[in-house]
Amino acid sequence: MTNNAVRTNIFRVASSTYVKTIILILLQRYWWIPTVPIAALVIAGCTVDDVYLYLALILFSVSYPAILLLVYSRHALTLEARAEVMPHIVTISENGLAVERFCIQTDDDDQETYIPESTDDVPAHKIAEISFGRDSIVVRLKGRRLGVMIIPEKAIPENHRRQAYMTAYQLSERI
């Protein structure tokens, strides 16, 4: 580990945030898939017959929620997604990421205890992209599925936030 390494506090990413991030990434990549059929039907509805406008409305209101459900079941119900919404600590360095995952044990008084479960190293060559959101760092991992790791800004200690963003930026330049 180098001197520029920044260790986050223990944090959990809400599953809704994880799903929203995955859907936004997929929409940025495949925006044309939902757009082309609707645009073709709207053009046909404006020039040929109004029935095509109704068909475009039906396609938009019935088919696309089903597509979102398929995306959810394909990406958000995986073991990788389960691991990402568990409590964990991420160490950001110029060489990659180190992730410590924890299980939650609750006692009779509803006190949560974090028990270390596993430690994973993500070297720089396994990272596909690092993007910076309004309040988080989003790390896309290489692999068959869309692997996403979200590091919320509030998980980074306040006095190390600038260093964490600089280290993540330097890591993204090496990819």
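The structure reproduced in this document is the subject of the present report. (Residues numbered from 1 in each chain as written. Predicted model: local features only at pLDDT ≥ 70, side-chain atom pairs only at ≥ 80, totals over all residues. Heavy atoms only, no water.)

### A look at the pairing of strand E2 (residues 88-93)
A regular strand carries its side chains on alternate faces of the sheet. Here E2 lies mainly inside the structure; six of its six residues are buried. Relative to E2, strand E1 (residues 6-7) is paired through two bridges, and the arrangement is antiparallel. Considered in E2, the bridge of Val-6 is made with Ile-92. Once E2 ends, the chain turns through two residues before running back antiparallel as strand E3 (residues 96-106). (Buried < 20%, exposed > 50% of the residue type's maximum accessible area, 1.4 Å probe, protein only. Helix = DSSP H or I, 4+ residues; strand = E, 2+ residues; numbered from the N terminus. Pairing = 2+ DSSP bridges.)

### Observations regarding the pattern of salt bridges
All told, the structure shown has six salt bridges when counted by the stated rule. We note a salt bridge from Arg-101 to Asp-120, for which the minimum N-O separation is 3.3 Å. One end of the pair, Arg-101, is in strand E3; the other, Asp-120, is in strand E4 (residues 112-123), with 19 residues separating them in the sequence. Overlapping salt bridges, with partners in common, bring together Glu-84, Arg-101 and Asp-120 in one network. (Salt bridge = Lys/Arg side-chain N within 4 Å of Asp/Glu carboxyl O.)

### Side note on the environment of Tyr-18
Tracing the backbone through its elements, the reader meets Tyr-18 in helix H1 (residues 15-29). Judged by its relative accessible area of 3%, Tyr-18 is buried. For the pair Tyr-18 and Ile-67, spaced 49 residues apart in sequence, the C-alpha to C-alpha distance is 17 Å. The residues touching Tyr-18, leaving out its near neighbours within four places in the chain, are Val-13, His-75, Ala-81, Glu-84, Val-85, Leu-146, Val-148 and Ile-150. (Contact = heavy atoms within 4.5 Å.)

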